[in-house]
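In case you want the letters, here they are:
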Amino acid sequence: MIPAIEKDSLEEIKIFQEKKLVELLAYISENSPFYKRLFAGQNIDISKVKTLEDLQFLPVTTKEDLQQYNDDFLCVPQHQIIDYASTSGTLGDPVTFGLTDSDLDRLAYNEAISFACAGIAEGDVVQLMTTIDRKFMAGLAYFLGLRKLKVGVIRVGAGIPEMQWDSILKYNPSYLITVPSFLLKLIEYAEIHGIDYNNSSIKGAICIGESLREQDFSMNILSKKITDKWNIKLFSTYASTEMSTAFTECEHGKGGHHHPELIIVEVLDENNIPVKNGETGELTFTTLGIEAMPLLRFKTGDIVQLHNEPCACGRNTLRVGPVVGRKKQMIKYKGTTLYPPAMNDVLSSFDNIENHLIEISTNDLGTDEILIKIAAKNQSPEFLQEIKDHFRAKLRVTPKIEFASKEVLNPLVFNPMSRKPIRFFDYRA
């Protein structure tokens, strides 16, 4: 199930997107109070925007814009809103998104072609191990997309390894949708309780919320830990509530595939100018086909690299590489630029570490200070030194590291009000 446009030439895809861009600009200038005010205030003539290259002459939209003027982004009357979703609020106050009936159809289409990209097909059974409540768009999107693919869905929800295994052994799903680190808990539970997980029905897992790959697409430590024990295929996916679109890997694992009928993608530098091919920058998107809350040049805060060469799966669309880090989470430490994913990866290499979190603060000199708190099975000065040596070898610097108990860290990392583990705490001024 590969949409025809994804096998079109890059020129054909560009022509299609430029037509949709013109339609979008006309729509938001007519229906969005925010964009109507923005265009008027900056004397922007949208009739002059004809090509994708012309996008750089338009202003960007930020998370702060959404937080401050949330309701002004709505382009339809309230009675047309069928579903209310909200962002997770990882880097600020949550933002509410309304979806019309048409938007829900688009959401289902997006997830259907994304799951098909990963090899899920009619007749499969999928265990959904994420929440579908709390205004979580992704959980609803997964269900709608799987339904559109005519796939069976087991809505178990998050957590509780015993319940997950009971469901797997009873219904024999072929795929899981989950946070990848939870797969380690499933493996641990299975080993303790004598479950032969490698002879289970599971063929693969669609992994959300955590990275599986290095920048060269090789497996990172987390995915190696999983697949060294459990012979299943892992697929990475990148998405956000704001874009209502997913970038999911195919079987070749070379980045998340772009759906050009749904979204225009840019990667921008600090001056909101597109970076050169092969360079990293901030992922910025323009949504296509959304009725209620379309967005123009929305800056995600995620630093990524795009890959433009055709994929062996037959798609000619660009692919989004693993997220390097979040722009707001960038750390300058002793002259070195760091992002939390790199530190998480270092810590994941130690089986003795049961949990961890990273705290960033501003020291007396006005520079970034890092404190990593670790819960370990066996705590010793020798193990602490081993961790520090590993940091120095991998990242060239050694942050301050101290031991803490699981009882202290677990409630912070696995906050019941959060949809995903929280391991980064930013206390900088």
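A few points on the structure. (Residues numbered from 1 in each chain as written. Predicted model: local features only at pLDDT ≥ 70, side-chain atom pairs only at ≥ 80, totals over all residues. Heavy atoms only, no water.)

Right, let's talk about the overall build of the protein for a bit. For the protein, the helix and strand inventory stands at 11 helices and 20 strands. Since a compact globule built from 429 residues should have a radius of gyration of about 22 Å, the 22 Å found for the protein is in line with a globular shape. In terms of overall dimensions, the protein has C-alpha extents of about 65 × 60 × 40 Å along its principal axes. Burial status across the protein gives 51% buried among its 429 residues. (Helix = DSSP H or I, 4+ residues; strand = E, 2+ residues; numbered from the N terminus. Rg over C-alpha atoms; globule rule 2.2 N^0.38 Å. Buried < 20%, exposed > 50% of the residue type's maximum accessible area, 1.4 Å probe, protein only.)

This part covers the nonpolar core. Of all hydrophobic cores here, the largest spans 35 residues; its most connected members are Leu25, Tyr35, Leu66, Leu295 and Leu296. Sorting the residues of this core by element identifies α1 (10–31), α2 (33–41), β10 (263–268), β11 (280–287) and β12 (298–307) as the ones contributing at least two each. The residues contacting Leu66, other than those within four sequence positions of it, are Phe73, Val95, Phe97, Glu242, Met293, Leu295 and Phe298. By size, the runner-up hydrophobic cluster in this structure holds 22 residues, among which are Tyr333, Leu347, Ile374 and Ile401. (Core = buried A, V, L, I, M, F, W, Y, C linked by side-chain atoms within 4.5 Å. Contact = heavy atoms within 4.5 Å.)

Attention shifts here to the environment of Ile177. Turning to its location among the elements, Ile177 is positioned in strand β5 (residues 175–178). When the C-alpha atoms of Ile177 and Arg155 are compared, they prove to be 10 Å apart, with 22 residues separating the residues in sequence.

Turning our attention to the pairing of strand β17 (residues 353–362). With respect to burial, β17 is a largely interior element, 7 of its 10 residues being buried. Between the antiparallel neighbours β17 and strand β18 (residues 368–376) lie 5 residues, among them Gly366 with a positive phi of about 85 degrees. (Pairing = 2+ DSSP bridges.)

This paragraph deals with the side chain of Arg319. Counting through the fold element by element, Arg319 comes out in strand β13 (residues 319–320). Residue class for Arg319 comes out buried when judged on its relative accessible area of 2%. A polar contact of 2.7 Å, which involves the side chain of Arg319, links it to the backbone oxygen of Glu309. Not counting chain neighbours up to four residues away, the residues in contact with Arg319 comprise Lys254, Gly255, Gly256, His257, Gln305, Leu306, His307, Glu309, Pro310 and Cys311. (Polar contact = N/O pair within 3.5 Å; in protein donor to acceptor, adjacent residues only side chain to side chain.)

Turning to the layout of surface pockets, a few remarks are in order. The volume enclosed by the second largest pocket comes to roughly 740 Å³. Lining the second largest pocket are 25 residues, with Leu52, Val265, Leu306, Asn308 and Leu318 positioned closest to its centre. Its residues placed into classes, the lining of the second largest pocket shows 12 nonpolar, 8 polar and 5 charged. (1 Å grid on protein atoms, 1.4 Å probe; cavity = no way out; pocket = protein on both sides within 12 Å on 5 of 7 lines; lining within 4 Å. Points joined across faces, edges and corners; volume = space filled by probe spheres on them. Nonpolar A, V, L, I, M, F, W, Y, C, P; charged D, E, K, R; others polar.)

This paragraph deals with empty space enclosed by the protein. For the structure shown, the criterion picks out 1 cavity of 30 Å³ or more. Within this model, the largest cavity holds a volume of roughly 80 Å³. Lining the largest cavity, in full, are Phe97, Gly98, Leu99, Asp103, Arg106, Met137, Glu242, Ser244, Ile290 and Met293. Elements that contribute at least two residues to the lining of the largest cavity include exactly β2 (96–99) and α4 (101–117).

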